[in-house]
Structure formats: C-alpha cells, structure tokens
Amino acid sequence: MGCFFSKKSKRKSGGKEEPTPTTTTVESTATSNAVPLGNNTDEPQTQYSWDKREKVDPKDFMLSGLKDVTAGRSPGKLNGQQFVIQDCENCNIYVFDHSATITIDDCVNCRIFLGPIKGSVFFRDCKDIKCVVACQQFRTRDCKKMEVFLCCATQPIIESSTGMKFSCFQYYYPELAYHFQDAGLSIYNNNWSNVHDFTPVSGENNWSLLPESAAVSDYIPLPDPESEFKSVRIATDPGRSIVPLTKGGRRKESDESCLFVFFAGEYTTPNARKLIDEATTKGFVLVQTKEVSMRPEDVTRVFQSNAEELVEWITKGPVIAMELNGDGVVEACNGIAHDVFSGTKVFVSDNKNTSSRDVDNFFNFADMQMGL
C-alpha cells in the first residue's frame, strides 16, 4: 500500500564537450625506378584511412615502475580508454577521467583514486592499498590489506585476498557526474557492501566493513598543491559526494524502514537527491538505492494492489527507489512527499506495519533484475 503524487514535467540534461581528435599522417617512404609520365614530379602521394587515424602511444595509458611520486591522469586524458597501473610503490595515483577497464598489478603502499570505469577494475598481487573506485565490476586476486571506498554496479568479488575493508564511495570533482554518464554507471546502483568471497576460509573472515565514521580524507590525501592536479576542484565531504552515502549491509538502528520510489520524469535525479537531503536532515538513514527499469508484470508483483495506476509511468523510463530507516520514517516520508513532491509521481509506503514488505518486494525484484 502507498501514497501517490503526480505531475508531468521536463528533464534537464547536462551537455558535455567532445574532445577534438588530432590527426597524424604517416608519409609513404616507398621508392620506385619508374619514370613518371609528363613533367609533374611532385604528385601528391595517396593517403589511406589507416594513415589518417590518431596514433596512440601505449605509454599514455600506463603507469609503471613508479616510486614515491604523485601521478595519474587529468580530466579528458583517457576518454574511455583502457588503463594499466603496475609495479608502483608508495605513490599517490589519481585518475580523474572515465575509462573502459583498469588493471592494477604488483602495487604496494599506494593511495589511488579511480574515476568511473565502464567495465571492470582488477587488482592483482597488491598490498597495503587505499583507494576510491567507481566501476561496473570490482575484482581482486592475491591481494592483502586493502581499504576501498567503492561504488560498484554489480557484486564486488575478492579471490585469495585477505584484510579487505570496504566503505561507500565518497568523492566529488566538477566533471565526475559527466564521467559517470560516459561510463554508463548510475550513481544509485551501488552494491559496495555486498561482497562475494570466491575463496572463503573456514573460521576466518577475509573482508569486513570500515567504520561508518571512516572518511576518505583520512585514507586518500588530496593531490599535492604543486602537482599537475592542482586545478582539479575536489571535495571528499559525504554531503558533496556524487554517489549518495548509504548504510549498506551494516546493522540498521531501527526496525522501521520506508520505501520511496520516484517514477521517471523531468527532475527524477535531482528530486531523489533532494529527498535524501530532506530525510537525512531529519535524522533518518539512507540504507540502499536502486535505479532500474520495470515491466508491467514487475509492477504487479512489486506494488500489488497499487499496480494499475503505476503501469503507465514505468514506460517513461527507469525508476529510482530508496530505503530510508529510522523510527517514524514512514510518517515523515509521507509528509515530505506531500509538502515537497506534491507535483511529482512517487510511491511511498503508507503503513509502518507493511513498509518492510514494500522494501523487500522492491529490492528483491531489483537484485534479481540486475543479476545480484
């Protein structure tokens, strides 16, 4: 059961500049003994499409063998390419751009920030690593003692790894929202605490969660003011983070949770952020979020008796759902929906006795939809 409020509106989308590629032409060095016909000995040589392509230097997409330095890539330097970090020791590494995949091999005692990764990030044979990562897939193999502030669209996987600790992604720089879009990642799909250990050891726990008080600034320092990244405007305060700070798998303080769902409209994303601000200001805790597409049969299964009036809304795009927790949260969320979002189509649990069922119905569906 739930309450509904609706309005039709327009969605705003941010623009982004596409980089202007540079072109390098490779001159042909072939020679011939043939005598040219006529008097024109300066005929232009034929250029083929493969001669006109931008030439990529692999060194531009790799950091290797560094020690005691600050290094990385500024916004616009990778533009969705693959990247490799290997054999680095005691370094501060910052990748302020989106990429296709990133592999990190044989690194020791490094602090690393990795911007949104469209595919996978794979740490291998690393130890004493502190990092902030946003990715589609997160994997480690043969790693020891890592502390990770993570946004991961799928279930994070560790293998033959020990001393792994996780917390929710907390970071901001001006281009980061665009980099999430370019990488095809949603800020609302974050399974940071749902870790799968491929190689568990009986009686031991290879991973745990960092304390809720853990702050990125205590683990990964800001770039040195004299470094090449001095112009990147960074904030590590959770309130400024692009990705909402969620409680994840930590124990809930209250038995009362509320499901709050925004249906696709003009201002779905900013409205969701506004709800989080309103609710957390009142002392409630954001447990988890999901952005997912729904079919009519999904609406029937998830929203049950309320499904009929919601079916037309799921055709407009994905929904954004949140679980908020705290004593009195159901009444408070209904008040926020009425006072702040009266012109927006939402679903809100309206009964604290059945609100936990609302939460379970939606997030069980979302996890199945996303293969979690």
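Above this note sits the structure.
Quick notes on the rules
- Residues numbered from 1 in each chain as written.
- Predicted model: local features only at pLDDT ≥ 70, side-chain atom pairs only at ≥ 80, totals over all residues.
- Heavy atoms only, no water.
- Helix = DSSP H or I, 4+ residues; strand = E, 2+ residues; numbered from the N terminus.
- Contact = heavy atoms within 4.5 Å.
- Buried < 20%, exposed > 50% of the residue type's maximum accessible area, 1.4 Å probe, protein only.
- Pairing = 2+ DSSP bridges.
- Polar contact = N/O pair within 3.5 Å; in protein donor to acceptor, adjacent residues only side chain to side chain.
- Axes fitted to C-alpha atoms, helices over the stretch in contact; angles between N-to-C directions.
- Nonpolar A, V, L, I, M, F, W, Y, C, P; charged D, E, K, R; others polar.
- Phe/Tyr/Trp six-rings, centres within 6.5 Å; stacked < 30°, edge-to-face > 60°.
- Lys NZ or Arg CZ within 6 Å of the ring centre and 35° of its normal.

A. Just the side chain of Asn191, in detail. Within the element layout of this structure, Asn191 appears in the loop between helix H2 (176–182) and strand E12 (196–197). Ignoring any residue separated from it by four or fewer positions in sequence, one finds Asn191 in contact with Cys152, Ala153, Thr154, Pro156, Lys290 and Leu372.

B. The arrangement of the pairing of strand E5 (residues 92–95) in detail. Of the two faces of E5, the one holding Asn92 and Tyr94 and the one holding Ile93 and Val95 are both buried throughout. Relative to E5, strand E3 (residues 70–73) is paired through 4 bridges, and the arrangement is parallel. Within E5, the residue paired with Ala71 across the bridge is Ile93. Bridge count between E5 and strand E7 (residues 108–124): 4 bridges; the pairing is parallel. Directly across from Tyr94, in E7, lies its bridge partner Phe113.

C. The arrangement of the side chain of Asn190 in detail. For Asn190, the position within the fold is in the loop between H2 and E12. A polar contact of 3.3 Å, which involves the side chain of Asn190, links it to the backbone oxygen of Leu150. Separated by 3.0 Å, the side chain of Asn190 and the backbone nitrogen of Cys152 make a polar contact.

D. Structural view of the packing of helix H4 (residues 296–303) against helix H7 (residues 355–369). It is the contact of H4 with H7, at a shortest axis distance of 8 Å, that shows an interaxial angle of 145°. Facing H4, whose interface residues are Asp298, Arg301, Val302 and Phe303, H7 presents Asn361, Phe362 and Phe365. Residue classes in the contact of H4 with H7 are distributed as 4 nonpolar, 1 polar and 2 charged.

E. Quick look at the packing of aromatic side chains. Summed over all chains, the structure comprises 19 aromatic pairs. Ring centres of Phe123 and Phe138 lie 5.9 Å apart, and the angle between their planes is 45°; this geometry places the pair in the tilted category. Placement of the pair is Phe123 in strand E7 and Phe138 in strand E8 (residues 127–141), with a sequence separation of 15 residues. The two residues Phe123 and Phe138 agree in class, both being buried. Members of the aromatic cluster, joined through ring pairs, are Tyr94, Phe96, Phe113, Tyr171, Tyr173 and Phe229. Sitting over the face of the ring of Trp313, Lys316 holds its NZ or CZ atom 5.4 Å from the ring centroid.

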